[in-house]
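# Residue-level structural notes
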Amino acid sequence: MTRTIDAPPASVIARFGWHRPLLWLSVGMIALAAVALVGLVVDQRSITGMPLWAKPLKFSLSVLIYSVTLSWLLGQLPRARRIAWWSGTIAAVFLAVEMIVIYGAAFADTTSHFNVSTPFSTALWGTMAVSIVIVWSATILVAVLLFRADLGDPARSFAIRSGLIIALIGMGLAFLMTSPTAAQLSSFQGIAGAHTVGLADGGPGLPLLGWSTVAGDLRIPHFVGMHAMQVFPILALLLELGSRRLSALRDSGTRLGILVVIAALYLGVIAVLTAQALSGRSIVSPDAAIATVSAALFAAAAVAIAAIVVRGRRFS
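Let me sum up the structure you'll find in this document. Remember, predicted model here, so these are calculated numbers, not experimental data.

### Observations regarding the nonpolar core
Counting 47 residues, the largest nonpolar core has Leu70, Leu73 and Leu146 as the members making the most contacts within it. Elements represented by at least two residues in this core include exactly α1 (20-42), α2 (54-74), α3 (81-107), α4 (119-148) and α5 (154-172). Broken down by element, this core gets its largest block of residues, nine residues, from α3. When sequence neighbours within four positions are dropped, the list of residues in contact with Leu70 reads Leu22, Ala91, Val142 and Met229. In terms of nonpolar packing, the next biggest core, distinct from the first, is built from 15 residues, Ile166, Leu239, Ile258 and Ile262 among them.

Shown next, in the form of structure tokens:
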């Protein structure tokens, strides 16, 4: 029996389209990031142990990356363009609402997240919560449209779809941060919810990111999961570029197999990071169980990818 070898496919970025409202949002995020950078330099105030303008900067960059990626993903849809346009536009509008609240809180020298200290602060926090649920729901609709669409190359299609599904899981992990902690319930100080597990927010953390170095931090699996929507299309692109030099990668089935293994590994890593955060362990001090499971995941993935590549070479 012989196996048909695919010719090197058109690049994952060959079909390129843009959703303009999301692009305009990304331009706005560049401007806001510049404002936050200036604030970091000239304004020495801090909130919950971090520079006042660190959170606005991080959210500006995150929304910038998200909006550009979602704009491109919507451009891959050959059909249902009207539904896609409205999904992207709704996401852009409510992300803008989210950023208005975050920057407004920074200018007011207070925190935006988990702040229920006054009726006005509670209303703003509620507005943010509703906004992000709407963005999440709009992204789910985009995922449904992408699963129904013909995206061409199977490996590329899997990368786009799996990246978005994993990103939705990562976004959903943010809801774990919204419940008040036991300490907050026993001694209410106007804050209901936290990033860290085991200690109060505001302790020692990694530079700029702020992830706790002394307690569990739910922002880590949230961050890793959310950015799968960038990671997997980039991986697909790298594999397509690699197919020009490595004959084993010219077969779409080989590239697809590699991406399936990486997707399983990625989900495993998110599960481990979530368990580590919920157990109150810092990212910089994993216990023996976390280290062992992590090593096993990466070893199994390496063996599986090697087997897929060797098998691909046999048929090249």
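Picking up where we left off.
### Notes on helix α7 (residues 219-226)
Within α7, six of the eight residues are buried, which leaves the element mostly enclosed by the surrounding structure. For α7, the secondary structure elements touched by its buried residues are α2, α5, β4 (216-217), α8 (228-242) and α9 (252-278).

### Notes on unusual backbone geometry
The backbone phi angle of Asp109 is positive, close to 60 degrees, even though this residue is not glycine. With respect to the element layout, Asp109 can be found in the loop between α3 and α4. By relative accessible area, Asp109 is classed as partly exposed at 35%.

Calculation rules
Residues numbered from 1 in each chain as written. Predicted model: local features only at pLDDT ≥ 70, side-chain atom pairs only at ≥ 80, totals over all residues. Heavy atoms only, no water. Core = buried A, V, L, I, M, F, W, Y, C linked by side-chain atoms within 4.5 Å. Buried < 20%, exposed > 50% of the residue type's maximum accessible area, 1.4 Å probe, protein only. Helix = DSSP H or I, 4+ residues; strand = E, 2+ residues; numbered from the N terminus. Contact = heavy atoms within 4.5 Å.

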